[in-house]
Amino acid sequence: MDESTSIDNTTLLRDFNETQPNHEWSPFIRYGPSHLPTFKVSLHLNGSLFDGCGSSKKRAKINAIMNYKSSFMNYNTNTKINNTIESDKAVLKRKHTDNLIENPPSKKLTIESQDNVHQTSAIPVFKRQHTDDFIENSLSKKLAIESQVAVHQTSAVCILHEIFPGQTLTYEHEQSHGLLETISVIVSGNKYVGYGKNKKEAKEIACRNALKSLYEAQPIDNIKYKNQIEMLRTDYDDSKIIDHFAGITDKVYQKLEFTENKFKEYSVIASIIKMTKEDLNSAQVICLATGTKCLSGSYLSLSGESLHDCHAEILTRRCLMKFFYKELMESVKGHPSIFISDDNKSKFKLAKDITFHLYINTAPCGEARVYSFSDTEHQLNRLNRGLLRSKIENGAGTVSVFGREFQTYDGVAQGERLVTMSCSDKLTRWTVLGLQGNLLSNFVEPIYLESISIGSMFNINHMKRTIYGRVENSINKLPQDYKVQKPQLRGYSILPRRSTTQSPHCINWIINEGIEIIKGSLGRTIENKLSRVCKTSLANEYIKLCIATNNLSTLIENETNIFYDSLKNKNKNYVAAKNELISTFKSLNFGTWVHKPEELKSFELHVVNASNNIIYNYNNQGC
């Protein structure tokens with residue numbers, strides 16, 4: 001029968017039910033996050049199968065009917081699209097109404113999900129396209145893994161209790177100071193942890209993690225729930241890594257001793273984890289930090305004594321550089337270290353199979369975070385995607401850098417907003433330049449992140465674009481040893497609980513060195529002392545390393561008068577790589593990287609505490 005584009009879709013479904021009494025529907029397959037699901041259903045009619053997908057069960061059925069009609073009437077693709085596709089805006093407006101429409105009982109053979117608790121997954125959600133052909137192609141490639149499946153007619157909590165009927169399962173509310181609730185369940189003496197927006201969600205995810213782990217150790221012989229558990233396991237490998245990183249980070253954090261409880265509160269925590277041979281059991285937290293604050297322009301230091309950026313992921317990377325300096329000095333002394341000397345006496349390289357991984361409990365501010373959970377493919381291509389963004393002084397969120405291509409010290413002193421680049425943009429920078437920074441590049445080759453794990457607010461498309469996608473095809477003049485690294489990206493797309501207040505304090509911890517508490521707006525410790533990871537402190541570590549390795553060529557000729565900006569300009573390759581990245585951003589119209597005022601880089605350093613013993617020990621090693 002012919003159907004005009006003006007006929008209402010609800011009428012279409014009703015008329016079909018009346019005129020085709022011998023049809024049957026398959027059970028629904030639901031995938032995607034709970035806040036933006038996609039449904040797939042198959043129509044069985046006259047010995048043929050017609051598939052349909054949509055943002056609701058009703059929409060999936062209508063699309064299946066239209067596929068049948070198109071096949072029957074040999075409609076062209078354009079007509080089919082015009083008849084079936086609604087705008088994303090209209091779909092979102094009618095989402096709740098569509099979900100209330102029930103199919104006639106005689107036709108309802110579907111297994112409907114009653115579990116609205118978040119399904120954790122690190123594999124990307126399928127982008128919803130505006131043609132059925134694209135959806136079908138995507139499904140044919142992805143159905144084998146069903147990465148975001150949500151066919152959970154029974155909650156994981158109920159499944160776990162049914163599989164272990166004679167066992168008392170113990171649930172515990174674990175202490176957590178971040179944005180997510182933490183619940184653990186003990187099964188057969190083993191503890192499994194779950195994180196969620198609330199206790200109910202965390203409990204459900206803890207039970208899911210228990211089922212995944214138990215099934216991996218020994219397949220659960222339960223026909224009733226076998227398929228459901230199989231689908232839960234589709235994201236197990238990545239979620240296991242994220243949960244492990246989150247767990248060992250929290251374990252370290254909970255052991256830290258604070259003089260006051262207010263210092264322990266946080267909304268964002270980040271850690272850098274060292275692994276050997278990609279063995280999860282070897283994972284070790286090297287450093288961690290909390291914080292969401294930036295320096296107030298009133299407290300700028302002309303001598304490099306203030307931390308400009310106290311966001312968690314930025315602080316933890318500065319801690320990693322401090323760790324690198326310590327490990328290099330250990331190698332100089334002939335002690336066990338992650339670094340070994342290469343053929344050049346002043347150069348070192350990482351020991352074999354050592355990798356570094358970043359964990360953040362929520363997406364980094366800026367490009368990776370500026371999106372809505374209802375983003376569609378059309379919205380992904382908006383013109384403001386990829387733009388460089390800066391943090392807001394004494395506030396939350398980020399803004400575009402357009403209109404602030406440079407800043408001066410006297411301008412900030414007179415009240416202009418201090419511009420600090422977003423964490424997303426700095427992560428892109430690390431992807432190209434490495435974690436080691438400018439000065440350490442004189443001693444080691446670029447050290448890149450192997451993976452980035454995000455605990456919440458994760459969107460694979462936005463993260464890929466943020467971390468490497470916006471520059472990978474445009475940056476092509478990098479010096480030797482530099483590249484566009486593509487770390488493995490994994491994360492959970494859940495929305496964290498809202499934090500009503502953000503702590504003014506930031507902490508950083510380095511293995512074997514204890515904690516340091518920073519007041520973010522001051523950029524100094526709560527005792528008003530220099531941070532161990534501020535510019536001056538790290539520059540002095542660099543000078544000590546130069547002296548210990550007798551590598552004074554990286555210092556200026558007059559070794560008692562050393563200026564910070566002179567040191568930074570010594571490494572020509574690093575400077576060239578940085579300039580290439582910045583010019584790439586600009587050429588793509590993403591904006592200009594806004595540097596701190598030049599006056600903040602021209603401070604003088606003094607060679608102090610040089611140890612003759614260090615030089616002696618280094619020379620004795622024959623390095």
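Scroll up to find the structure.
Criteria and cut-off values
Residues numbered from 1 in each chain as written. Predicted model: local features only at pLDDT ≥ 70, side-chain atom pairs only at ≥ 80, totals over all residues. Heavy atoms only, no water. Core = buried A, V, L, I, M, F, W, Y, C linked by side-chain atoms within 4.5 Å. Buried < 20%, exposed > 50% of the residue type's maximum accessible area, 1.4 Å probe, protein only. Contact = heavy atoms within 4.5 Å. 1 Å grid on protein atoms, 1.4 Å probe; cavity = no way out; pocket = protein on both sides within 12 Å on 5 of 7 lines; lining within 4 Å. Points joined across faces, edges and corners; volume = space filled by probe spheres on them. Helix = DSSP H or I, 4+ residues; strand = E, 2+ residues; numbered from the N terminus. Nonpolar A, V, L, I, M, F, W, Y, C, P; charged D, E, K, R; others polar. Pairing = 2+ DSSP bridges. Axes fitted to C-alpha atoms, helices over the stretch in contact; angles between N-to-C directions. Salt bridge = Lys/Arg side-chain N within 4 Å of Asp/Glu carboxyl O.

This paragraph deals with the nonpolar core. If you look at the biggest cluster of nonpolar residues, it comprises 96 residues, and the most contacted ones within it are Phe245, Leu320, Phe324, Phe356 and Ile452. Once residues within four sequence positions are removed from consideration, Leu320 is found in contact with Ile272, Ile286, Cys287, Phe356 and Leu435. Residues Leu388, Leu433, Ile475 and Phe590 belong to the second largest nonpolar core, which totals 20 residues.

The next point concerns the layout of surface pockets. Quantified by volume, the largest pocket comes out at close to 1000 Å³. In terms of lining residues, the largest pocket is bounded by 41 residues, among which Arg318, Arg429, Lys535, Tyr564 and Lys568 are the most central. Of all the secondary-structure elements, those providing two or more residues to the lining of the largest pocket are helix H10 (312-332), strand E17 (420-421), helix H13 (423-433), helix H14 (437-440), helix H16 (535-548), helix H17 (564-568) and helix H18 (572-587). Residue composition of the lining of the largest pocket, grouped by class: 19 nonpolar, ten polar and twelve charged. For the second largest pocket, the lining is made up of 31 residues, of which Leu179, Val268, Arg369, Ala396 and Gln502 are closest to its centre. Considering only residue class, the lining of the second largest pocket consists of 13 nonpolar, twelve polar and six charged.

Quick look at the sheet that holds strand E19 (residues 488-491) now. Strands sit in the order E19-E18-E14-E8-E9-E20-E21-E22 across an open sheet of eight strands; the sheet is mixed. Across the chains shown, the open sheet's two edge strands, defined by having one partner strand only, are E19 and strand E22 (524-525). Here two bridges tie strand E21 (residues 514-519) to E22, and the two strands are oriented antiparallel to one another. Across the sheet, the residue bridging to Lys519 is Arg524, located in E22. Against the sheet, H10 touches strand E8 (269-276), strand E9 (284-290), strand E14 (354-360) and strand E20 (505-510), its axis set at about 135° to E9.

This part takes up the pattern of salt bridges. In this structure the tally under the stated criterion is 14 salt bridges. Salt-bridge contacts for Lys40 lead to Asp51; the nearest nitrogen and oxygen are separated by 3.6 Å. Here Lys40 is found in strand E3 (residues 38-45), whereas its partner Asp51 is found in strand E4 (residues 48-54), with eleven residues between them in sequence. Judged by its relative accessible area of 10%, Lys40 falls in the buried class. Close ionic contact of Lys426 with Asp309 constitutes a salt bridge, the shortest N to O distance being 2.7 Å. Highlighted residues: Lys426 in helix H13 and Asp309 in strand E11 (residues 309-311), separated in sequence by 117 residues.

Now for the side chain of Thr290. Position of Thr290 among the secondary structure elements: in strand E9. Leaving out residues up to four positions away in the same chain, Thr290 has contacts with Tyr253, Tyr266, Val268, Ile269, Cys310, Ala312, Leu315, Cys506 and Ile507.

For the rest of this paragraph, the subject is the pairing of E9. E9 sits mainly inside the fold: six of its seven residues count as buried. Relative to E9, E8 runs antiparallel, the two sharing six bridges. Bridge assignment links Ile273 to a residue of E9, and that residue is Val285.

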